[in-house]
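Below are the chains, spelled out letter by letter.
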Amino acid sequence: MRPRSCFWIALAALACGWSMGVARAEDEVDLELRIERLFQQDTREWEREARALGSRDDLALAAARRLLQRLAADRLWFWGEKARILEVAHFMGDRPIPAVTEALNHPRRSMRRAAVQWLEQVTAFANRWPNTRRSLHALGHALADSDEEVAWRAAVALRRARAEAEGTTRALAGALGHPSPRVRSSAADALAMIGLRPRARR
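Notes on the structure follow.

The rules behind these values
- Residues numbered from 1 in each chain as written.
- Predicted model: local features only at pLDDT ≥ 70, side-chain atom pairs only at ≥ 80, totals over all residues.
- Heavy atoms only, no water.
- Helix = DSSP H or I, 4+ residues; strand = E, 2+ residues; numbered from the N terminus.
- Buried < 20%, exposed > 50% of the residue type's maximum accessible area, 1.4 Å probe, protein only.
- Contact = heavy atoms within 4.5 Å.
- Areas by Shrake-Rupley, 256 points an atom, 1.4 Å probe, with all protein chains shown as cover.
- Polar contact = N/O pair within 3.5 Å; in protein donor to acceptor, adjacent residues only side chain to side chain.
- Arc of directions from axis to C-beta.
- Phe/Tyr/Trp six-rings, centres within 6.5 Å; stacked < 30°, edge-to-face > 60°.
- Lys NZ or Arg CZ within 6 Å of the ring centre and 35° of its normal.

Right, let's get into the overall build of the chain. Per the secondary structure count, the chain includes ten helices and zero strands. Shown N-terminal to C-terminal, the secondary structure of the chain runs as helices and strands in the order α-α-α-α-α-α-α-α-α-α. When each of the 202 residues of the chain is scored for burial, the buried share is 43%. Pairs at least 24 residues apart make up 64% of the contacts formed inside the chain by residues separated by at least 6 positions. A total accessible area of about 11,900 Å² is found for the chain, and carbon and sulfur atoms account for 53% of it.

Put into structure tokens, the structure is as follows:
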């Protein structure tokens, strides 16, 4: 191959890489702007945006990761925004759930708490949402989380899933021996919702 041809090929590759980088940066900015619209006061506007973000896998996963980071923020004045994120979870539907389930294994406790809070909002739809149904197994593992808040919310989320959580009965039965009374109580409630009455421990 001639040196001049190599030069033009290298230049084209460089331009292609640059244009892809610009496109990615523009996508990032666009996503941030769309996420900010979720916190507008006009109900119809933010609900419409939430549904749009949940309509494509790539958008839903990217938006969920950013929203989880905001949900995990440790700022007391942030509760209004946190409440909105949990409302948004309903409207985004099932597509973000793989990213949320993945966050249950995050090393930061605040991220695991954010993930289980999100799932707590949507497990009632597990009978209709396949990704949410698949997340129940991960919630069963979360019952053994070192953080009491995560374990308790996991039990609450499984209780809301009712019969769909049948595959987690062993994990729920194990949670009956948890040192936290609220984890034990919620695990017992979840088993009752599945149709199993836990035996009293002597």
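Here the narrative resumes.
This paragraph deals with the side chain of aspartate 147. Secondary-structure assignment places aspartate 147 in the loop between helix H7 (130-142) and helix H8 (148-161). By relative accessible area, aspartate 147 is classed as buried at 8%. At a separation of 2.8 Å, a polar atom in the side chain of aspartate 147 contacts the side chain of arginine 113. Excluding anything up to four places from it in sequence, aspartate 147 contacts Arg109, Arg112 and Arg113.

In an α-helix, one turn spans 3.6 residues, which is why side chains three or four residues apart end up on the same side. Among all positions of helix H2 (residues 43-53), only Trp46, Glu49, Ala50 and Leu53 are buried. Viewed end-on, H2 has its buried residues packed into an arc of 100 degrees, placing them on one side of the element. Looking at H2, the residues exposed on the side facing more than 90 degrees away from the buried face are Arg44 and Arg51. At the N-terminal end of H2, a side-chain oxygen is found 3.0 Å from the backbone nitrogen of arginine 44, two or three residues along, and the residue is aspartate 42.

Across all of its chains, the model carries two aromatic pairs by this definition. Aromatic pair tryptophan 46 and phenylalanine 91: ring centres 5.4 Å apart, planes at 90 degrees, arrangement edge-to-face. Residue tryptophan 46 is found in helix H2, and its partner phenylalanine 91 is found in helix H4 (residues 79-92); the two are separated by 45 residues along the sequence. Residue phenylalanine 91 is classed as partly exposed on the basis of its relative accessible area of 22%. Centre to centre, the rings of phenylalanine 125 and tryptophan 129 are 4.7 Å apart; their planes meet at 25 degrees, and the pair counts as stacked. Note on phenylalanine 125: relative accessible area 23%, which makes it partly exposed. Taking the ring centre of tryptophan 152 as reference, the NZ or CZ of arginine 182 above it sits at 4.3 Å.

Remember that the coordinates give geometry; whether it matters functionally is a separate question.
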